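# Residue-level structural notes
Here are the chains, one letter per residue:
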Amino acid sequence: MLHRTHFITELRELPHEDGWLRAEGTGRACLVCSCGLNTGWIPRRKADQLRRQHGTPLIALTQQERPSRSSSTSPAPARRF
């Protein structure tokens, strides 16, 4: 199964200062994956640890699936005139 994980950090809005929006991290994060995993808000360190342990990294999969440039089997794209 292809895992596409998203790491969402929770922010808390602070009072505005001179017209600028301010925010700070709450120390919590949520990990969501295309396989159905949704951790909900958990401590950020725990979410980061789960992200590293969960499934095969997407970068590794895309590098394996990518055809080499030297042996192209697809026809050349058609030109538009």
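Whatever comes next refers back to the structure up there.
In this report, we go over the structure that sits alongside the text. Predicted model, so just to flag it, every value in this text is computed and none were measured.

## Thoughts on the pairing of strand β1 (residues 5-17)
Bridge count for β1 against strand β2 (residues 20-33) is ten bridges, and the pairing is antiparallel. Looking at the pairing, E17 lines up with W20 of β2. In this structure, the hairpin formed by β1 and β2 is closed by a connection of two residues, where D18 is found at a positive phi of approximately 55°.

## Some words on the pattern of salt bridges
Scanning all chains against the criterion turns up five salt bridges. Among the salt bridges present, the one from R28 reaches E10, with a minimum N-O distance of 2.8 Å. Of the two residues, R28 is situated in strand β2 and E10 in strand β1; the sequence distance between them amounts to 18 residues. Under the relative-accessibility criterion, E10 is labelled buried at 17%. The closest approach of N and O atoms between D48 and R51, which form a salt bridge, is 2.5 Å. With D48 and R51 both in helix α1 (residues 44-53) and three residues apart, this pair spans about one turn of that helix.

## Brief notes about the side chain of H3
Considering the arrangement of structural elements, one finds H3 in the segment before β1. Residue H3 is classed as buried on the basis of its relative accessible area, which comes to 14%. At a separation of 3.1 Å, a polar atom in the side chain of H3 contacts the side chain of H54.

## Looking at the sheet that holds β1
Spatial strand order, β1-β2-β3: three strands in an open sheet with antiparallel pairing. The open sheet has two free edges, formed respectively by β1 and β3 (42-43), since each of these has just one partner strand. Relative to β3, β2 runs antiparallel, the two sharing two bridges. Its bridge partner being in β3, R28 is matched across the sheet by P43.

What counts and how
- Residues numbered from 1 in each chain as written.
- Predicted model: local features only at pLDDT ≥ 70, side-chain atom pairs only at ≥ 80, totals over all residues.
- Heavy atoms only, no water.
- Pairing = 2+ DSSP bridges.
- Helix = DSSP H or I, 4+ residues; strand = E, 2+ residues; numbered from the N terminus.
- Salt bridge = Lys/Arg side-chain N within 4 Å of Asp/Glu carboxyl O.
- Buried < 20%, exposed > 50% of the residue type's maximum accessible area, 1.4 Å probe, protein only.
- Polar contact = N/O pair within 3.5 Å; in protein donor to acceptor, adjacent residues only side chain to side chain.

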